[in-house]
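Okay, here's what each chain looks like letter by letter:
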Amino acid sequence: MEGRVIRFVFYLSFILCSCTEVQEHTAAAVHERDSASVMTSYGVNTLISDSGVIKYKIVTERWDVNTTRQPSRWTFEKGVFFEQFDEKFHTEGYIQADTAWYYDQQKLWHLRGRVRIRNVNGLVYESQELFWDGMKHELYSNVFSKVTTPERTLQGTYFLSDERMTHYTVSNSKGSFTTESMEQKEESSSAAPQDTSQVEQIPLRPRQEKHSRTVQ
């Protein structure tokens with residue numbers, strides 16, 4: 001009888017010890033804390049105001065906010081769409097890109113991949129990269145850009161404009177073509193040499209220092 005009691009106590013002790021030694025499945029610690037987002041939002045559709053006036057609407061599939069990384073930033077890896085409004089909440093235009101970063105301290109947007117802008121006058125801007133400086137209230141790009149208006153098409157490797165896209169400069173330009181001449185060129189089956197005397201040359205502003213892109 002005493003032997004049975006001893007064996008029972010042994011088995012009970014073994015079971016209790018086994019229960020307390022449960023292995024936990026944990027992930028490795030994140031050593032580079034600045035690489036992790038502080039906040040991540042999905043399916044965002046929100047309005048942004050400036051001085052109490054609604055100025056923009058942002059639509060994005062994913063929005064990451066990282067305030068520990070220097071410089072702090074918002075990241076839109078799944079693309080972003082902006083809609084801009086006037087004081088009466090009328091749509092003035094839109095901006096879209098495949099990827100975007102916003103550096104909140106510098107108030108600087110960095111847009112990349114199929115960047116497209118349309119303003120209230122029907123102007124359409126297309127490029128693979130664009131910067132939007134909220135402090136200087138200007139847009140600029142140092143890569144190939146295309147500007148299309150109802151009257152003509154401009155192409156160049158340096159672009160500078162105000163936020164409303166009403167006053168802009170295209171430098172290192174390839175030329176300026178009227179919409180009518182572009183349509184005639186597409187309809188023509190012959191590849192006749194272009195008469196450069198008929199191409200309107202874009203007046204260039206005095207040489208300006210290119211903007212730095214070393215923020216990221």
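In this text, all values refer to a predicted model and were calculated from it rather than measured experimentally. (Residues numbered from 1 in each chain as written. Predicted model: local features only at pLDDT ≥ 70, side-chain atom pairs only at ≥ 80, totals over all residues. Heavy atoms only, no water.)

Asker: Requested: an account of the confidence of the model for the protein, with residues and values cited.
Answerer: Put simply, the protein has an average pLDDT of 74, and 63% of its residues get 70 or more. Predicted confidence is poor over residues 8-12, with pLDDT under 50, and the contacts of this stretch with residues over four places away or in other chains come to zero contacts. Contacts from residues 182-216, a stretch scored under 50 in pLDDT, to residues over four places away or in other chains number 42 contacts. (pLDDT = per-residue confidence, 0-100. Contact = heavy atoms within 4.5 Å.)

Asker: Break down the environment of Thr-157 for me, citing the residues and quoting the values.
Answerer: Tracing the chain through its elements places Thr-157 in the loop between strand S11 (152-156) and strand S12 (158-162). Judged by its relative accessible area of 30%, Thr-157 falls in the partly exposed class. Separated by 16 residues in the primary sequence, Thr-157 and Ser-173 place their C-alpha atoms 6.8 Å from one another. Excluding residues within four positions of it along the chain, Thr-157 makes contact with Ser-141, Asn-142, Val-143, Phe-144, Ser-171 and Asn-172. (Helix = DSSP H or I, 4+ residues; strand = E, 2+ residues; numbered from the N terminus. Buried < 20%, exposed > 50% of the residue type's maximum accessible area, 1.4 Å probe, protein only.)

Asker: Describe the pairing of strand S10 (residues 145-148), and please don't skip the residues or the numbers.
Answerer: Side chains Ser-145 and Val-147 project from S10 onto a buried face, and the interleaved Lys-146 and Thr-148 project onto a face without burial. Examined bridge by bridge, strand S8 (residues 124-133) and S10 share four bridges and lie antiparallel to one another. Bridging across to S10, Ser-127 finds its partner in Ser-145. Where S10 meets S11, four bridges bridge the pair, whose relative direction is antiparallel. Looking at S11, one finds that Lys-146 is bridged to Gln-155. If you look at the hairpin formed by S10 and S11, you'll find three residues sitting between the two strands. (Pairing = 2+ DSSP bridges.)

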